[in-house]
Amino acid sequence: MASDIIDIGLKPLSDDELEEIVSIVETKIDLFLQNHKSWKLLTDFGIIVSLSQSSDNVLTLILDCDISGGLSSLQLDELQQEAYEHAQDVLKEELLCRKNS
């Protein structure tokens, strides 16, 4: 899953800043999954978060989910969608914090 966030008035982010944001998003996604109602049914999960920035300051968030467990394929799809939406919210929140500081 991927989405773009258009320039919100921040200067271009350095590679270190992008890596820091990725780390924050990964940590919060892990916590989201551990607190999810389906956590006990998961046998394995792995989420790779990547964030890139284009020359016109558009950020692209990519979330690659590998989740398995005692859930139906529909439930797994819904869980992945929820995780992705949470990742987008975390990213937006982090960017707003950086803009306001």
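This structure is a prediction, so every number in the text was calculated from the model and none was measured. (Residues numbered from 1 in each chain as written. Predicted model: local features only at pLDDT ≥ 70, side-chain atom pairs only at ≥ 80, totals over all residues. Heavy atoms only, no water.)

Turning our eyes to something else, we now look at the pattern of salt bridges. With the rule as written, the count across this model stands at 4 salt bridges. With a shortest N-O distance of 3.1 Å, Glu20 and Arg98 are connected by a salt bridge. Of this pair, Glu20 sits in helix 1 (residues 15-34) while Arg98 sits in helix 2 (residues 73-100), and the two are 78 residues apart along the sequence. Between Lys28 and Glu93 there is a salt bridge, with the nearest N and O atoms lying 3.7 Å from each other. (Salt bridge = Lys/Arg side-chain N within 4 Å of Asp/Glu carboxyl O. Helix = DSSP H or I, 4+ residues; strand = E, 2+ residues; numbered from the N terminus.)

Let us now look at the nonpolar core. By size, the foremost hydrophobic cluster in this structure holds 27 residues, and its most contacted members are Val25 and Leu51. Secondary-structure elements contributing two or more residues to this core are helix 1, strand 2 (42-53), strand 3 (59-69) and helix 2. The biggest single contributor to this core is helix 2, with 8 residues. (Core = buried A, V, L, I, M, F, W, Y, C linked by side-chain atoms within 4.5 Å. Buried < 20%, exposed > 50% of the residue type's maximum accessible area, 1.4 Å probe, protein only.)

Overall, the predicted model of the chain reaches an average pLDDT of 86, with 91% of residues at or above 70. Mean pLDDT across the elements of the chain bottoms out in strand 1 (residues 2-5) (54) and peaks in helix 1 (94). (pLDDT = per-residue confidence, 0-100.)

For helix 2, spanning 28 residues, the distance from its first C-alpha to its last is 41 Å, which sits close to the expected 40 Å at 1.5 Å a residue. Here helix 2 has its buried residues at Leu76, Leu79, Gln80, Ala83, Tyr84, Ala87, Gln88, Val90, Leu91, Glu94, Leu95 and Arg98. (Expected span 1.5 Å × (residues − 1).)

The periodicity of an α-helix, 3.6 residues per turn, causes residues three or four places apart in sequence to face the same way. Here helix 1 contains 20 residues, and its C-alpha end-to-end distance of 29 Å stays within 8% of the 28 Å for a straight helix at 1.5 Å per residue. Every buried residue of helix 1 is accounted for by Glu17, Leu18, Ile21, Val22, Val25, Ile29, Phe32 and Leu33. Along the axis of helix 1, the buried positions cluster into a sector of 140 degrees, meaning they face one direction only. Exposed residues pointing more than 90 degrees away from the buried face of helix 1 are listed as Asp16 and Glu19. Tucked into the core, helix 1 has its buried residues touching strand 2, strand 3 and helix 2. (Arc of directions from axis to C-beta. Contact = heavy atoms within 4.5 Å.)

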